[in-house]
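# Examination of the molecular architecture
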Amino acid sequence: MSLDMTEDRGSAWVRQARKPSPDHSLVPPCQAACPLHMDIREYVDLLAQGRTMEALHVIREGNPFPAICAYVCTHPCEDACRRGEVDKPVAIRALKRFAVDFGGDRVTRVEARTDQDDKIAVVGSGPAGLACAYYLRKLGYPVTVFEAHSQLGGMMRVGIPQYRLPRDVLDTEVHRLTQMGVEIRTSTRVVSLDLLCEMGYKAVFVTIGAHQSLRMGIEGEESPGVIDGATFLREVNLGLQPSLGESVAVVGGGNVAIDAARTAVRLAAKRVTVLYRRTRAEMPASPVEVQQAEEEGVNFEFLVAPTAVKRRNGLISVTSVRMELGEPDASGRRRPVPISGSEFQREYDALIAAIGQSPQTPEDFGLRVGKGSTIQVDPLTLTTNRAGVFAGGDAVTGPATVTEALATGRLAASRIDDYLHHRYPAVVSEGRDSPLGALLPETIEVIKKMSRSEPPTLPADARTKDFAQLELVYDWEVATNEARRCLRCGMGAEILFQDKCATCLTCVRVCPYHVPYVDASGTIQIPADQCQACGICVAECPARAIVLRKPHDRRHISEELDHVLRSAAETRSKPTIVGFCCQYGLYGTGALAGFWRGAKAGVWIVPVLCVAKVEPDHILRAFEAGAEGVFIAGCGEHCSRENTAQWVQQRVEKVRSTLEQIGLEPDRLQAFVSGDGNTDLVGELDRFSDRIGTLYLTSMILQEVGS
Amino acid sequence: MIVAQEKPLEEIRRIIEPYAQVLILGCGTCMTVCGAGGEREVSYLHNALRVAEARSGNGTHAFSEYTVKRQCDTEFLDTLVDRVADVDAILSLGCGIGVQALAERFADLPVLPGVNTSFMGMAKEQGVWDERCAACGDCRLAETAGICPITRCTKGILNGPCAGTKNGKCEANKDMDCAWVLIYQRLERLGQLERMRRYYPPRNFRTIARPKRIVSKARIDAGEDNA
Amino acid sequence: MPDSSFEERLQSDKFLVTTEVGPPKGADVSEMVHHVDLLKDRVDAINVTDNQSSVMRYPSLGGCLYVKERGGEPIFQVTCRDRNRLALQADLLMAHSRGINNVLCLTGDCVDVGDHKEAKPVFDLDSVQLLNVLKTLESGVDMGGNELKGAPRFCAGASVHPEADIIEPQLIKFDKKVAAGAQFFQTQGIFDLASLRRFMQYASRLDVKILAGIIVMASARMARYMNANVPGIMVPQEIIDELATAEKGKGLQKGIEIAARFIQAIHEEDLCHGVHIMAVGNEGIVPEILERAGLVGVSP
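A quick note: this is a predicted structure, and the numbers were derived from the prediction, not measured.

## A closer look at the overall build of chain B
- Each helix and strand in chain B was counted, giving ten helices and seven strands.
- Computed over C-alpha atoms, the radius of gyration of chain B comes to 22 Å, more than 25% over the 17 Å expected from 2.2 N^0.38 for 227 residues, which places it beyond the range of a compact globule.
- By principal-axis analysis of the C-alpha atoms, chain B measures approximately 65 × 50 × 25 Å.
- Relative to its full complement of 227 residues, chain B shows a buried share of 41%.

Here it is, written out as structure tokens:
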């Protein structure tokens, strides 16, 4: 904290040519990266506070099927997470899974009323179709979902293996549509859009997915024993048990290939080999999945491409050629080039070709299709060449993620609503907001490192026997500790009252992250993209010109305090002791839970979002309202910041000296810290409340004697 | 910047004792910067007084609080007319200038000092302020390498260190640098030691004869008198 | 022509011995007078301290009058802490009028170390300026340039700190004091002959007399106390250790031994022009020190 003015450091801040981003409208990178634009920062923070149900509420606001995403989302948010610049990204998907499992999502009911006349048909019940139906119902439209298969879910049902997405989870989510009053027509393949129009549907959303596997285009591809990946997964997911034999080859490097390989393992294939024409680095499949496949015994052969297949003596004889990587192609990946004369043969019981899928749009739909048989739409409005017909999902984009499909479905619902109300499609800003910039190296340096916790998974040998879900959920403490790793990007301090700012430089001097600085005009700037929202400058600013963004601002503490003081006044249990305790430590990590549970009657807790935000004024107000003792309990080593205790101690000392001048014993105010080898917090609190009790009794007796 | 220190609470309680309704008035300039009388301290003092009242069991005072941009200019004080309408006294957390400006502006109202105005200085680090200027009216920093012997030497002597310096520290306070050692070191660094070898005659204390007044040259030229 | 017997001796090659008496806290001067009587014929001059260590006492000038009265040679210590230029000049005029012409010009300790910490420190002048004031008065005018009716004459002295840990600025100030007319210097306490030797190497080129200050320590505890509380004094650890070897109640004896040893060494080595013995409250032991140092008979 010392700032020796004789060093050049102070003026270095002034000179620093850094571009400030005081703009608090910038969204956190996780939110900007999310196709659904979910308020991730908000729900992760609620989880860190142990407010799981509220977190789930926030999640539900932004996602119609959070339970599904909690299992299968590819979490682009984590790739964007700025915690990753410090150590590793926050495990956002696993936290969502925790919220869904612990927040009571299964009992969440979604209601919808019908107050629109125009009927809408959704063709296809994949994530895009279901999301569209969900949001259209919320808007009050009568909606019918047509599904060719016997069950809803599209690729979530027939593509994704059960060990990744348990079917009860899918069923629960899908069932909500029925609750909402969506008309479901399963085992119904729509062959003509004209017919739907005749049936009175005023708008149609075509979201038929991409279920048609691409052909390898090699000799013998039609041989028995050769099956395509999508068909294979569909059969397994619909309850068939295709017999594969002992040795299985899977061709391809995407998620479907990995799903097929791991499904084959679970169907008791002894040897499963994935053949991929590039290297591991180029594989489109998720690295975690690849790693898990390896754990389960799947072999990988890289730089290998089959050139011919022949069925011989009940076996599949595969001729392959070895490849090498040449120049980068259009996708930026290096193009595999066959090495001449490197052909070799292997024999397998079965071969699964999983090199990609495309949509298969019935010609009778009369929709214009483009490259890869995808339906052509206006990307902004999702309109096709036919009036009233909208399209989205894999049928338009080719194979993509569930979350992207959900986002498209939501967009489609609002576009259809616009269309039916003859509204010019409003430009939605979502996803287009600029994310906060990267952290500066000097900021990263001073952010406390906290290791990421992964949710537990079943051991490899236990999970290959059946299709049981392999990822388990966090337990409470691990989840909240993981959530506390969130940097709460952009929730930080801003100088709200520039007219009050006396440019005293207190914020510049007290910031543990060296974020505030003096710009060339002599004005203090607190860049929103660097501030870590510790609140120390807010509590120290002598002009009270700085505020933190809600809910971390000082009003939060004042309101909680008022509430507690009112309750204490009502119960009249004496003596009253008010404790400012870290909400994260109290309800989140539970580090302080035993502490307050062990507290005696008359002890009232004001939960605060880090005790560094407790100001001397808050403490005095508790005394004014009649508290006989006040304590502050912080998380010590569990705190996501350094030196919190030091600031608390400094303020405690200040108030103590005031108490002394008022004639109150200074030890009526005490600061406690959990962790740091302190195991007897409850005992300390006991001794503190005993001491306050004694002081109270003494003062009562003195009063009696006096009167 | 002017630096001040809060007065002890007992003293404040004593001086406000006769007044039922007291406005605690902060200053948004120097007193905010030095942390003695900005909006935060105003609020803190307000709360502390209320605790004291509540605890004494016979609280008879009512308080209000406000922080004005700058107390030492009457134009800013004009905005306070409504706020002081019902008060019996103003407890100013401004410097001594602010207190007097208030007293001049509100002729019928007692104005009480809530801080002890201490010196003109600068922050050494967060929460630590050092005196740097005594307003002697005869600046000789050109001779002393920009280090003021009047304020930073406890004796304010002009011809070099006394014999009380130990480890480069002052005899009056072992934590305080000896100004003359600093001056010597800096003059040496600047190659100007001859300035220290010069004899400096006794100070002209007429420059601090009080009260002081400065009238701008322009006004003198315009024929304004000095009254 | 010298203005005092002390000035006369300064101009001789004699090894000079001065000492000091501290005036009492109170109006009873009997002990001080006793010490003056004891010392007046054994040393070349007796300093009378001026509210030493900022502790309020019987005045220096009053003490000097007693020395003069009893037939001794006083050195009037004058600090700038307690009087402004009017009072200082007035006291100097009085001193001269009563035959007190030896003046030791000092800046003075800060009031914080004394027993009146709330006092206003004056420091209207510093020691160099005070030396110049002596010259000004001698020239027949006061500091305001007004003519005096009768000009005084003085033998000006000053102090110097050869053991200061940062010596260069002290030497600059020493030069300024010499230029301002100091004829003799009584140094701060010397505890290390090497530093005195180094200082004399520097000072011997100037036409001034240097009297090495010798502080007589009464115990190790006193040495440590002085290190912590008395401005400018740094008693080295080996001397504290040596004092600590003394039996209980024999600390002063050890201090006398040490002081005598130093004086003897300075004298034999002819390091400087004399010594100034500061017995700090134990003035009665000065004769014994002189005896032990082999200086009996050297002085008058």
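Back to the write-up after that little detour.
## A closer look at the interface of chain B and chain C
- Listed as interface residues are 25 residues of chain B and, on the opposing side, 31 residues of chain C.
- Elements with a contribution of two residues or more to the side of chain B that touches chain C: helix H8 (179-190) and helix H9 (194-197) of chain B.
- The biggest single contributor to the side of chain B that touches chain C is H8 of chain B, with three residues.
- For the side of chain B that touches chain C, the per-class residue count stands at 13 nonpolar, eight polar and four charged.

## Considerations on the sheet that holds strand S8 (residues 271-276) of chain A
All names here are of chain A.
- Spatial ordering of the open sheet is given by S6-S14-S7-S8-S9, a layout of five strands whose pairing is parallel. With one partner strand each, in any of the chains shown, strand S6 (226-228) and strand S9 (299-302) form the two edges of the open sheet. Sheet twist, expressed as the average angle between the axes of neighbouring strands with direction ignored, equals 20 degrees.

## Here's the deal with the nonpolar core
- Counting 260 residues, the largest nonpolar core has Leu 47, Val 204, Val 206, Val 250, Ala 261, Leu 351 and Ile 352 of chain A as the members making the most contacts within it.
- For this core, the element with the highest residue contribution is helix H17 (residues 402-420) of chain A, accounting for nine residues.
- Residues within four places of Val 206 of chain A in sequence aside, it is in contact with Val 123, Gly 124, Phe 365, Leu 367, Ile 375, Val 389, Phe 390, Ala 391 and Ala 395 of chain A.
- With 102 residues, the next largest nonpolar core counts Leu 10, Ile 75, Leu 130 and Phe 199 of chain C among its residues.

## Here we look at the packing of helix H9 (residues 127-138) of chain A against H17 of chain A
Residue and element names in this part refer to chain A.
- It is the contact of H9 with H17, at a shortest axis distance of 7 Å, that shows an interaxial angle of 40 degrees. Put simply, H9 runs oblique to H17. As H9 runs across H17, the sense of the crossing is right-handed. Along its contact with H9, which presents Pro 127, Ala 128, Gly 129, Leu 130, Ala 131, Cys 132, Tyr 135 and Leu 136, the element H17 presents Val 402, Ala 405, Leu 406, Thr 408, Gly 409, Arg 410, Ala 412, Ala 413 and Ile 416.
- In terms of residue class, the contact of H9 with H17 is made up of 13 nonpolar, three polar and one charged.

Analysis parameters
- Residues numbered from 1 in each chain as written.
- Chains lettered and ligands numbered in written order.
- Predicted model: local features only at pLDDT ≥ 70, side-chain atom pairs only at ≥ 80, totals over all residues.
- Helix = DSSP H or I, 4+ residues; strand = E, 2+ residues; numbered from the N terminus.
- Rg over C-alpha atoms; globule rule 2.2 N^0.38 Å.
- Buried ≥ 20, exposed ≤ 12 C-beta atoms within 10 Å, placed from the backbone.
- Contact = placed C-beta atoms within 7 Å.
- Nonpolar A, V, L, I, M, F, W, Y, C, P; charged D, E, K, R; others polar.
- Pairing = 2+ DSSP bridges.
- Axes fitted to C-alpha atoms, helices over the stretch in contact; angles between N-to-C directions.
- Core = buried A, V, L, I, M, F, W, Y, C linked by C-beta atoms within 7 Å.
- Parallel < 35°, antiparallel > 145°, perpendicular 65-115°, else oblique.
- Left-handed = near helix turned anticlockwise from the far one by under 90°.

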